[in-house]
Structures are given as C-alpha cells and as structure tokens.
Number of protein chains: 2
Amino acid sequence: MNFRTTILAVCLLLPIIGGCASAPERAADPLPSWRKTAARDSIVDFVERVTDPDGPDFVPVAERVAVFDNDGTLWSEQPIYFQFEFAVELARRAVGERPELGTEEPFRTAIEGEPIDFLTAGSAGLLRLLLATHSGTTTDEFSDAGTTWFRDARHPTTGLPYTAMVYQPMLELLEYLERNEFSNWIVSGGDADFIRVFAEATYGIPPERVIGSQMELEHRSTPEGVGLIRTPGFAVFNDGPQKVISIHRAIGRRPVAAFGNSDGDLEMLEWTAGGEGPTLCAYLHHTDEVREWAYDRGSKIGALDRGLDTAEARSWPVIDMKRDWKVVFPDPQ
Amino acid sequence: MNFRTTILAVCLLLPIIGGCASAPERAADPLPSWRKTAARDSIVDFVERVTDPDGPDFVPVAERVAVFDNDGTLWSEQPIYFQFEFAVELARRAVGERPELGTEEPFRTAIEGEPIDFLTAGSAGLLRLLLATHSGTTTDEFSDAGTTWFRDARHPTTGLPYTAMVYQPMLELLEYLERNEFSNWIVSGGDADFIRVFAEATYGIPPERVIGSQMELEHRSTPEGVGLIRTPGFAVFNDGPQKVISIHRAIGRRPVAAFGNSDGDLEMLEWTAGGEGPTLCAYLHHTDEVREWAYDRGSKIGALDRGLDTAEARSWPVIDMKRDWKVVFPDPQ
C-alpha cells in the first residue's frame, strides 16, 4: 500500500468514526447557483476566514450571527410587497362577511381595484390598509389566515405561489451559513407574525429568529382562555434605524454578517460593519428585468440609492442578480 | 459469556461508537440538590413524558421552550431587587462625577441613605431611580458598567457576590432541561441588558434568550461610529400580561414549561398552561427564613398571592424552598 492509497483508505474509513466527515462537503460547491464572480468569492472567503480556528479572523460559534432583510433580499417584492397582496385579500374577505364595509376605505379600493392601486395612492393608503386588515383577530387566527393564503394565493404576474418566489442562491447561502454554524435571522420591515407563517418551512429560520414589524397586542382573558388580540397600531415599525434597535433588543449582540437590498437596510449594514472583528455586509442589486425585476434608485418599492453609494464607498460586495446568479427562483418540483 | 455479561460488555463498548452514551447519564440523579418530593417528581415526570418519542405526550425539540422568571426564581430578590442595588451604585457614581446632582432626587437618597430606602418610599421613587440611572449611556457603556458592578459588589446581608446568590437547584434544572433539548429563556421584569451581563456565564442562557424590560433606545450616528443611546423611558415594562406579549413577540410560540415566584408571573404561567399539549407550570415558594427568605402574600418584593391560590386550584407544583431543596446557593469554590 503506497502513501496515496493509505491516505485514500484512511479517508474512506475515517467518516465511520467521525473523522473526515467534512471533507466531501468542502469539496462540493456550497453555492451551486452562484457564478464564480467577486461577490461569491467575498462570501466564501469571509466564511472560510471566520470559521478557521487557527486563523486571525476566527469568530466563535455563538457570535456567528447573520441578519437578512426579507422583501427583495430573500424573496421578490414586486410589483408590491407580498404582504400587501395578503392584506388586500383580507380586506376582500372582510367585505364578504360585512358588505357594509365596502363603501369605506381601504375596503372600497380593495374590492374595486388591484393591490397595486394602494401603492399608487401612496404610503398613507398602504398604512391604512395594513392597520385595518392586520388587526382585530387573535395572533392564532392571523397565523391561520396566513397559512390559508400562502396555500391558495398566486403572484399576479408569474402565477407562482409566493413561497416559490424565494431566491435559490439565497437559500443556498442560508444553508451554507448554517452548515458553518452561523445563526441566520430575518430582520424585516414586514410583519413578524406574517413572516413566521412560512419562514421555517421555506428558509429553515424558526419563529424565534424572525424580527419584524409588530402590531400592538392586547392580552385578553376570558372564560374560554387567554388570547393575544392584534390591535390597530404599530408597536414597532421595523425599518431603517429601527432595524438596529430591534436587533439589539432581540439578539443582544452585533451581527457579523448582514444582507439587504434597499436603503431601509443601510443602518443595519452600517451597524454590522461597525463591529470589532471581521464582518461581511452585502447588498443585493436587482438588475435582472428578464428573470426577475430591475430597479434601484427611483423605485417605489425597495429603493436602493444611498445604499448603493455607501456600498461603493466602503467596498461592500454588491450582488448583481443578472451577473452573479445562474438561476433566480428554485426549480419547480 | 452469559446474557448479563454480554449486555454489560455491549454497554461498555457502545459509548465508544456513540450508542449507549445516554445510559450512564440517566442513571445519575439529574437534580441532586432536590429532595425527592412531589415537586421534583412532577418535573422529572414531565421531562420524561415529553421526551419519550414513543409516548403520547412527546413534544418535538423545536417546541421544547421553557421560560423562567429571574428575580426570586433563578436568584434572590431580597431585601430589594439586585438591579436596584446596581442603580444606587450608578447614582452614587454620577454624584461623584457631578456633585451638583447630590441635591436632587433620586441622587440625594442614593448618597445619604440605603437602597432599601427607595423601596420604603414606594414605586414612584424606584421608577425615578431606574429612569435616572439606566439612561444617558450607550448600550455598550451600560453593559461595561454592569460587568464592573458584578465583579465588585457584594450583597448587603450575605456579603456574597450577587452571582453567587443564584439557586443551585434551579441551575441543575436549567441544565437538566438543556440536556433534554429544551431551550431555556429568561422572561424577567428586570432590564434585559442588565441580565445579559451575567446570564450566559451564570445560567448558560445566551443574550438572545433574555427577554426583559427595555429602555427606549435612540440610534445615534456620529463620525466616530453608530451608538444606541439608552433614553429615560420604558419601551417595555415586562411584568404581568406584558410577559405574555413579550414571549409572543420574541419567541413566536407558546412555551411548554414556565417557572415563576410572584403574581407578576401568573399570566405567563396561565398562557403556558393554556397550550394544547402537555405543560408544566410551577411556582417557587420562598419558605426558608434560615437559608434564604420567607415571604409571599404581603411582601413588598415578589408578592405571591393570586398565584398561590391559582397554583392550588389548578394543581400546579409549588416548590417549597425549605422542604424541597437540600441546598439553596451553590457551594462556594
């Protein structure tokens, strides 16, 4: 048995007692849907540096916190945030049950128009829609309504279920980080309870690692039991600087990696970049009008303007969807 | 080799390849500081039922969420919540730096009297003390001040460091649950950032599993970097029904086990008990005036009145400190 054969034999046998288990894993491409560009290299380089126990950039497992925006970062957000499609559906259902609502806003627009009309009408209309449709139920009822909607609803232009419009390359990134003992968190402007409906099955992110906007809750005790009632007011509107505050409140430590796609993520990325050790902050740039959408500085949804300038000034990787990704959405089963 | 010898040999060899590893663990007493009373039995029985994959009460690992009050449940809270001792120390330091403060409340009482005087003066004084001393710094500065205080401060009557006044039986319970793949959370009325200073080293509970009261935070960006400034107002005062709301916001699922010691924990226990599967809700009753303190219905700190009645009515275990615990505090090293 020569040296090469010995090594081979040892590596074939070692996995049985737990020794070489990670060798085949390293050999396979951890990010198969990513083209081998600078953005991908910077991610892999970062992960290899912080997980190398003998290197100067090693980060202990407990501190490997990675935060992800959701809309436009983990799944699409065009032509309008998916949660607003859900809100319009809730408004329509409400009118079905109480027809007299149909003469009032936001219900009138919901039944007479399209979800996109709320975007055209501006943020006051969107806010009113959210407050009216995301309150008045228990947290459990809200969650059940979300489950039904995700099962039945289809995206207006692609015809896909919404959970099929997550980004395959980002799913691979989440898995790659998790395999390297990062804990992945969602830090979204979307409603936390809405995201929790699908995040665990879709992203492998459990409810306790979903940080989002929060409606006020009322604790109501009746002879039938205790319920938490969603009431029409925001306890937390999780965007911009509030993302940093929410991260501190929920996690109590600074992330080492942060991913976003809009100016509303900039403070979160800056907070992450300000940590003492090695950090990775990256923006996803929507550049693919064929496979997804192309938008940045002027967009009504997910505007990326100051963020793009900051990324350039600070040499943060900018993931160019068209250039850097081989595929966008998961292969339909 | 007869049958018994064969079993013995297999069990001696199996741990080497990972098979029988848990057998010796089960044999050892998981709660050595607990007397073998009904309270202990109900805990062990619950854990064994929910972890038995073939039993009717099996609970999947992801749902094994256990919540613990802190003051009076995991460590002592007499003669005044330890955080108020810290607050008085902060007030004294502030007067040291700015002597003119010494003529104003709450600083005058802090330098002329004792922490207990704030309790005597009532909740308005306590609140003013907290707001005045727990604000005006960054979250990092506050955390550093906490670290220094925990290193130097000693309890007024026992002379022990505060982190030595945690309950040995509860440390064993935390470890027992963790070994059985529960995730332990603190749900306290105390300031989350204060608790985070010591919770990981003392209880093995990481910062992201500490839920507590929260001061308002301001995101401040300067040329030197970004800081989160604690400002004098409560974003969350985490007591009573608010504990339930905070649990939902942070964890997004209902706990299956809850431990408290005062009426402020009652809603949390009721919320836990209202879950669909098997649950364990227990109160710690302070009955030991020799080794710790004895107090319940009439106490100014940690009053247990409605809670005691509810525990009896619903047959929740009540842990009687004097009767059920062999030791209270950990053996000093």
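Residues numbered from 1 in each chain as written. Chains lettered and ligands numbered in written order. Predicted model: local features only at pLDDT ≥ 70, side-chain atom pairs only at ≥ 80, totals over all residues. Heavy atoms only, no water.

Caption draft 1: Main features of the relation of the copies chain B and chain A. When chain B is fitted onto chain A, the two copies agree to an RMSD of 0.0 Å after a turn of 180° and an axial shift of 0.0 Å. Considering both components of the superposition, the chain copies are consistent with a two-fold axis. When the interface residues of chain B are mapped onto chain A, 100% of them are again interface residues, pointing to one common binding face. (Least-squares fit on C-alpha atoms with pLDDT ≥ 70 in both. Contact = heavy atoms within 4.5 Å.)

Caption draft 2: Up close: the pattern of salt bridges. All names here are of chain A. A complete count under the given rule lists 46 salt bridges over all chains for this structure. Residue arginine 49 is joined to aspartate 45 by a salt bridge in which the shortest nitrogen-to-oxygen separation is 3.1 Å. Note that arginine 49 and aspartate 45 are positioned in helix α3 (residues 38–50) at a spacing of 4 residues, about one turn of the helix. With relative accessibility at 32%, the residue arginine 49 sits in the partly exposed group. Take aspartate 45: its relative accessible area is 39%, and that puts it in the partly exposed class. Residue glutamate 105 pairs with arginine 108 through a salt bridge whose shortest N-O separation is 3.6 Å. (Salt bridge = Lys/Arg side-chain N within 4 Å of Asp/Glu carboxyl O. Helix = DSSP H or I, 4+ residues; strand = E, 2+ residues; numbered from the N terminus. Buried < 20%, exposed > 50% of the residue type's maximum accessible area, 1.4 Å probe, protein only.)

Caption draft 3: Expanded view of unusual backbone geometry. Look at the link from Gln78(A) to Pro79(A): it is a cis peptide, with omega at -5°. Relative to the elements of secondary structure, Pro79(A) occurs in the loop between β1 (65–68) and α4 (82–97). Cis geometry marks the peptide bond from Glu105(B) to Pro106(B); its omega dihedral reads 5°. With respect to the secondary-structure elements, Pro106(B) resides in the loop between α4 (82–97) and α5 (107–112). Notably, Ser315(A) is not glycine yet its phi reads approximately 55°, a positive angle. Examined against the element boundaries, Ser315(A) turns out to sit in the loop between α13 (306–313) and β8 (318–320).

Caption draft 4: Representation of the interface of chain B and chain A in the model. Across the boundary between the two partners, chain B contributes 30 residues, which contact 30 residues of chain A. For the pair chain B and chain A, the summed buried surface comes to about 2500 Å²; carbon and sulfur atoms form 55% of the total. Across the contact surface, chain B and chain A share 4 salt bridges. Residue Arg253(A) is joined to Glu208(B) by a salt bridge in which the shortest nitrogen-to-oxygen separation is 3.3 Å. Residue assignment for the side of chain B that touches chain A shows that the elements contributing at least two residues are α8 (139–152), α10 (192–203), β3 (210–222), β4 (225–236), α11 (241–251) and α12 (266–273) of chain B. Examining the composition of the side of chain B that touches chain A, we find that 7 residues originate from one element, α11(B), more than from any other. Taken together, the residues of the side of chain B that touches chain A sort by class into 14 nonpolar, 6 polar and 10 charged. (Buried area = accessible area lost by both parts, 1.4 Å probe. Nonpolar A, V, L, I, M, F, W, Y, C, P; charged D, E, K, R; others polar.)

Caption draft 5: Quick look at the packing of α3(A) against helix α9 (residues 168–179) of chain A. All names here are of chain A. At a minimum axis separation of 11 Å, α3 and α9 run at an interaxial angle of 15°. In this view, α3 runs roughly parallel relative to α9, as classed from their interaxial angle. Relative to α9, the crossing made by α3 is right-handed. The segment α3 lies against α9, with Ile43, Val44, Val47 and Glu48 engaging Leu173, Tyr176 and Leu177. Partitioned by chemical class, the residues of the contact of α3 with α9 number 6 nonpolar, no polar and 1 charged. (Axes fitted to C-alpha atoms, helices over the stretch in contact; angles between N-to-C directions. Parallel < 35°, antiparallel > 145°, perpendicular 65-115°, else oblique. Left-handed = near helix turned anticlockwise from the far one by under 90°.)

Caption draft 6: Quick peek at the packing of aromatic side chains. Residues and elements named next belong to chain A. Per the counting criterion, the structure on display carries 44 aromatic pairs over all chains. With 6.0 Å between their ring centres and 50° between their planes, tryptophan 149 and phenylalanine 194 make a pair best called tilted. Placement of tryptophan 149 in helix α8 (residues 139–152) and of phenylalanine 194 in helix α10 (residues 192–203) is noted, with a sequence separation of 45 residues between them. A single burial state applies to tryptophan 149 and to phenylalanine 194, both of which are buried. Members of the aromatic cluster, connected to one another through ring pairs, are Trp75, Phe82, Phe86, Phe142, Trp149, Phe150, Tyr162, Phe194, Phe198 and Tyr203. Between the NZ or CZ atom of arginine 230 and the centre of the ring of phenylalanine 142, over which it lies, the distance is 3.7 Å. The ring centre of tryptophan 271 lies 3.7 Å from the NZ or CZ of arginine 254, which sits over that ring. (Phe/Tyr/Trp six-rings, centres within 6.5 Å; stacked < 30°, edge-to-face > 60°. Lys NZ or Arg CZ within 6 Å of the ring centre and 35° of its normal.)

Caption draft 7: Region of the structure containing the domain arrangement of chain A. Residue and element names in this part refer to chain A. What the domain assignment lists for chain A is domain 1 (28–79 + 162–213 + 235–324) and domain 2 (82–137). On a C-alpha basis, the centres of domain 1 and domain 2 stand 30 Å from each other. Taken together, the contact pairs 13 residues of domain 1 with 9 residues of domain 2. Both sides together, the interface formed by domain 1 and domain 2 hides about 950 Å², and carbon and sulfur atoms give 73% of it. Together, Tyr162, Phe194 and Lys300 form the three largest contributors to the area buried by domain 1 at its contact with domain 2, with a combined 49%. Where domain 1 packs against domain 2, one counts 0 salt bridges. The interface formed by domain 1 and domain 2 contains 1 residue pair in polar contact (both at pLDDT 80 or more). By residue class, the composition of the side of domain 1 that touches domain 2 is 7 nonpolar, 3 polar and 3 charged. (Domains from an automatic or database assignment. Polar contact = N/O pair within 3.5 Å; in protein donor to acceptor, adjacent residues only side chain to side chain.)

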